[in-house]
Amino acid sequence: FTSRPFTKGSIVISSTLLKNNNGKPNPSPESCSHSIQIDWDKHNLMALPGRFLNHSCDPNIAVGGINEGRSYDFVALRDIADGEQVRFDYE
């Protein structure tokens, strides 16, 4: 849930990467319940709060690009109100 409002196009979450469950650096060929698939056999495991984002068929954020930490920035697809849950489409 947001702690302030966000305007369409602004960065809502700038995620960071963790090592996977086996201690291997990202990306990894193994997936887990908190990884995001970035290619056929590559999965990134993000730190909190990025790895606990919920899915929605009507999302209010999307992956906006790769940031300096080689993880993802999530941007607002529309204006998001203070206290609103952030959700993205896993597809």
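A short tour of the structure in this document, coming up.

Scoring rules and cut-offs
All chains use their own residue numbering, which begins from 1 and follows the written sequence. Per-residue local features of the predicted model are confined to residues with pLDDT of at least 70, and side-chain atom pairs are confined, for both listing and counting, to 80 or more; whole-chain, interface and lining totals are unaffected and use all residues. Hydrogen atoms and water are omitted, and side-chain values are computed over all heavy atoms in the structure. The aromatic pairing rule takes the rings of Phe, Tyr and Trp, using the six-membered ring of Trp, and pairs them if the centres are within 6.5 Å, calling planes under 30 degrees apart stacked, those over 60 edge-to-face and the rest tilted. Runs of H or I in DSSP of at least four residues are treated as helices and runs of E of at least two as strands, each being numbered from the N terminus. Buried residues are those whose accessible area, probed at 1.4 Å on protein chains only, stays under 20% of the maximum for their type, while exposed residues exceed 50% and partly exposed ones sit between those limits. Charged-residue counts in this description rest on Lys and Arg as positive and Asp and Glu as negative, His and the chain ends being excluded. Only one rule defines a salt bridge in this text: a Lys or Arg side-chain nitrogen within 4 Å of an Asp or Glu carboxyl oxygen. Should any heavy atoms of two residues lie within 4.5 Å, those residues are considered in contact. The term polar contact refers here to a pair of N or O atoms within 3.5 Å; inside protein, the definition further demands a hydrogen-donor-capable atom paired with an acceptor-capable atom, and it admits residues adjacent in sequence only when both atoms are side-chain atoms. Note on pairing: two strands pair once DSSP finds at least 2 bridges between them. What counts as an axis is a line fitted to C-alpha atoms, over the stretch in contact for a helix, and the angles between N-to-C directions run from 0 to 180 degrees.

### Some details on the packing of aromatic side chains
Inference 1: Scanning the model with the defined rule gives two aromatic pairs in all.
Inference 2: Clustering of aromatic rings is evident, with ring pairs tying together Phe-74, Phe-88 and Tyr-90.

### Overview of the side chain of Arg-87
Inference 1: Along the chain, the position of Arg-87 falls in strand S7 (residues 87-88).
Inference 2: Within the buried core, Arg-87 has no salt-bridge partner, and the shortest N-O distance to an opposite charge, that of Glu-84, equals 4.5 Å.
Inference 3: Setting aside residues up to four positions removed in sequence, Arg-87 forms contacts with Asn-54, His-55, Ser-56, Asp-58, Pro-59, Asn-60, Ile-61 and Arg-78.

### Focus on the side chain of Asp-73
Inference 1: Within the secondary structure layout, Asp-73 lies in strand S6 (residues 72-76).
Inference 2: One buried charged residue, Asp-73, forms no salt bridge at all, with the nearest opposite charge on Arg-4 at 12 Å.
Inference 3: Only 2.6 Å separates the side chain of Asp-73 from the side chain of Ser-14, close enough to count as a polar contact.
Inference 4: When residues no more than four places from it in sequence are discounted, the contact partners of Asp-73 are Ile-11, Ile-13, Ser-14, Ser-15, Ala-62, Val-63, Gly-64, Gly-65 and Asn-67.

### Structural notes on the environment of Pro-29
Inference 1: Mapped onto the fold, Pro-29 is located in the loop between strand S1 (11-14) and strand S2 (35-39).
Inference 2: Each C-alpha atom of the pair Pro-29 and Asn-44 lies 9.1 Å from the other, and the pair is 15 residues apart in sequence.
Inference 3: Here Pro-29 is in contact with Asp-41 and His-43, once residues within four sequence places are set aside.

### Quick word on the sheet that holds S6
Inference 1: Within the open sheet, the three strands sit side by side as S1-S6-S5. Their pairing is antiparallel. A single partner strand is all that each edge strand has here, and the edge strands are S1 and strand S5 (61-66). Neighbouring strand axes in the sheet, compared pairwise and without regard to direction, differ in orientation by 30 degrees on average.
Inference 2: Across three bridges, the pairing between S1 and S6 is antiparallel. Bridged to Ile-13 within S6 is Phe-74.

### Section: the pattern of salt bridges
Inference 1: Summed over the entire model, instances satisfying the criterion amount to one salt bridge.
Inference 2: Between Glu-84 and Arg-78 there is a salt bridge, with its nearest N and O atoms 2.5 Å apart.
Inference 3: The partly exposed category is assigned to Arg-78, whose relative accessible area is 32%.

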